[in-house]
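One-letter residues, chain by chain:
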Amino acid sequence: MKLLNANMLEDIIDNNKRESAGLLPELVKRLIISSVVKISSIRIPEKDDIWAPGFDGIVECEEDTMHICSGKSVWEFGTNNDSLTKINKDYKIRTSDSLGIDKTTTAFYLVVPKIWSFTKSISKWEEEHKSEWAKVHVIDASELCDWINSLPSVCCWLLENYY
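Only a predicted model underlies this, so the values are computations on that prediction, with no experimental measurement involved.

> So what's going on with the overall build of the chain? Residues and values would help.
Looking only at helices and strands, the chain has six helices and five strands in total. Its helices and strands taken in sequence order, the chain reads α-α-β-β-β-α-β-α-β-α-α from the N to the C terminus. The globule rule puts the C-alpha radius of gyration for 163 residues at 15 Å, and the 15 Å found for the chain is close to it. On the principal axes, the C-alpha backbone points of the chain span a range of 40 × 35 × 30 Å. By the burial criterion, 47% of the 163 residues in the chain qualify as buried. Long-range pairs, those at least 24 residues apart, make up 65% of the contacts in the chain with a sequence separation of at least 6. For the chain, the accessible surface area stands at approximately 8,400 Å², while carbon and sulfur atoms represent 50% of it. Charge-centre separation for the chain: the mean point of 19 positive side chains lies 3 Å from the mean point of 26 negative side chains.

Structure representation (structure tokens):
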């Protein structure tokens, strides 16, 4: 049984505009910590700490899961209405200046809490943008909800606190 769907997630973000920029990183951090056993390091500022410069998140883990690959990964989050513009902007900025991160050995994750509804599919967009990074992956609301629903403790936290 699916507890959370993309419309519910979008409502949570839209109805908590002030907190939503800090909510998404906190949510993903909880998902990673709950689904990856061997995490070497994780830095994902949340809530009032999201102003920190640099990538929105940096994770190093020793195992692949359904939603995150092993090794080093960098993360960018976007809660604005035009998610494709945000994704393209973050990709361009971080690819032109990776802040010392070795792109050839690092996965780049872009997370938006909206359903991907653009003419070009997610896999096509990822394929067109993977040349400089070890992996490029967009996590939209559909995948995010699948991930949330696979971890009851995170799903309960989200529903209790925001819905």
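That was the structure; now back to the text.
> Help me get a handle on helix α2 (residues 17–35), residues and values and all.
The terminal C-alpha atoms of α2 lie 27 Å apart, and with 19 residues this matches the ideal 27 Å at 1.5 Å per residue to within 8%. The largest bend along α2 reaches roughly 35° and is located at leucine 23, with the proline proline 25 sitting one to four residues downstream.

> Tell me about the pattern of salt bridges, and please be specific about residues and values.
Considering all chains together, one arrives at 10 salt bridges under this definition. Note that lysine 29 is salt-bridged to glutamate 46, the shortest N-O span being 3.4 Å. One end of the pair, lysine 29, is in helix α2; the other, glutamate 46, is in the loop between β1 (39–43) and β2 (57–61), and 17 residues separate them in sequence. Note that lysine 86 is salt-bridged to aspartate 90, the shortest N-O span being 2.9 Å. One end of the pair, lysine 86, and the other, aspartate 90, are both in helix α3 (residues 83–96), four residues apart, so they sit about a helical turn from each other. Connected via shared salt-bridge partners are Lys120, Lys124 and Glu128.

> Explain the packing of α2 against helix α5 (residues 141–149) to me, using residue names and the numbers behind them.
Contact geometry of α2 with α5 gives a least axis separation of 10 Å together with a crossing angle of 50°. Comparing the axis directions of α2 and α5 gives the class oblique. For α2 against α5, the interelement crossing comes out left-handed. When α2 is examined against α5, the residues Leu24, Leu27, Val28, Leu31, Ile32 and Ser35 are found in contact with a partner set consisting of Leu144, Trp147 and Ile148. Residues of the contact of α2 with α5, tallied by class, amount to eight nonpolar, one polar and no charged.

What counts and what doesn't
Residues numbered from 1 in each chain as written. Predicted model: local features only at pLDDT ≥ 70, side-chain atom pairs only at ≥ 80, totals over all residues. Heavy atoms only, no water. Helix = DSSP H or I, 4+ residues; strand = E, 2+ residues; numbered from the N terminus. Rg over C-alpha atoms; globule rule 2.2 N^0.38 Å. Buried < 20%, exposed > 50% of the residue type's maximum accessible area, 1.4 Å probe, protein only. Contact = heavy atoms within 4.5 Å. Areas by Shrake-Rupley, 256 points an atom, 1.4 Å probe, with all protein chains shown as cover. Lys, Arg positive; Asp, Glu negative; His and termini not counted. Charge placed at Lys NZ, Arg CZ, Asp CG, Glu CD. Expected span 1.5 Å × (residues − 1). Bend = angle between axes of the 7 residues up to and from the residue. Salt bridge = Lys/Arg side-chain N within 4 Å of Asp/Glu carboxyl O. Axes fitted to C-alpha atoms, helices over the stretch in contact; angles between N-to-C directions. Parallel < 35°, antiparallel > 145°, perpendicular 65-115°, else oblique. Left-handed = near helix turned anticlockwise from the far one by under 90°. Nonpolar A, V, L, I, M, F, W, Y, C, P; charged D, E, K, R; others polar.

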